[in-house]
Amino acid sequence: MAVAAVKAKSPSALPTAMRKKWEAWSQAGQDSFALVMAARKGIPAATAFEVAEAFQLQASELEAIYELSTKTLRTYSQEKKNLNASSSEKTLKIISLYTLGTEVFGDAAAFLRWLGKPAYGLDNEVPLRLLETSGGIDLVEEELTRIAYGDLA
């Protein structure tokens, strides 16, 4: 069962409130100090479902990234709780990755297709599966940067 049954959207096609929030958080995700400070404050748990929608994640994929059940995430969201610092950091990095990926590939649909296929520069690992750890997110970001500069090997 898909967490979100919506088509991929480019950053400009995201709902206005979400787009503005993601743009600000994407910038925080690119600056290490700002990332740590924002993560320490915590990101609303509801943002995990925004990530699921934008990345078209299955429930199992969302649970693997956050190491929480969708039921727990939904409860936190309904109670307007924030994610812990580690999950908040992951979320900010993933949002930044989404922005970079849509810029590199030109639109969200192309980026999402790339995320779901083995990537040569990542030792044929599926990039989406690497989003389960902060270091994996960094590896995917580095690969996107290589692609952006034409270094496909």
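Residues numbered from 1 in each chain as written. Predicted model: local features only at pLDDT ≥ 70, side-chain atom pairs only at ≥ 80, totals over all residues. Heavy atoms only, no water.

Draft legend 1. Local environment of the overall build of the protein chain. Helix and strand content of the protein chain: eight helices and zero strands. Along its sequence from the N terminus, the protein chain presents helices and strands in the succession α-α-α-α-α-α-α-α. Among the 153 residues that make up the protein chain, the fraction classed as buried is 42%. Restricting to contacts in the protein chain with at least 6 residues of sequence separation, those with at least 24 account for 68%. Summed over all atoms, the accessible surface of the protein chain reaches about 8100 Å², with 51% contributed by carbon and sulfur. (Helix = DSSP H or I, 4+ residues; strand = E, 2+ residues; numbered from the N terminus. Buried < 20%, exposed > 50% of the residue type's maximum accessible area, 1.4 Å probe, protein only. Contact = heavy atoms within 4.5 Å. Areas by Shrake-Rupley, 256 points an atom, 1.4 Å probe, with all protein chains shown as cover.)

Draft legend 2. Focus on the confidence of the model for the protein chain. Across the protein chain, pLDDT averages 86, with 80% of residues at or above 70. Mean pLDDT in the protein chain bottoms out at helix H1 (residues 16-30), which sits at 66, and peaks at helix H5 (residues 70-78), which reaches 97. In the predicted structure, residues 1-12 sits below a pLDDT of 50 and forms 31 contacts with residues beyond four places in sequence or in another chain. (pLDDT = per-residue confidence, 0-100.)

Draft legend 3. Structural context of the packing of aromatic side chains. Counted by the stated rule, this structure contains six aromatic pairs. Here Phe-105 and Phe-111 contribute two aromatic rings whose centre-to-centre distance is 6.3 Å and whose plane-to-plane angle is 35 degrees, an arrangement assigned as tilted. Looking at Phe-105, the relative accessible area reads 27%, which means it is partly exposed. Plain terms: the ring middles of Phe-105 and Trp-114 are 5.5 Å apart, the flat faces sit at 35 degrees to each other, and that makes the pair tilted. Trp-114 sits in the buried class, given a relative accessible area of 14%. In this structure an aromatic cluster arises from ring pairing among Phe-55, Tyr-98, Phe-105, Phe-111 and Trp-114. (Phe/Tyr/Trp six-rings, centres within 6.5 Å; stacked < 30°, edge-to-face > 60°.)

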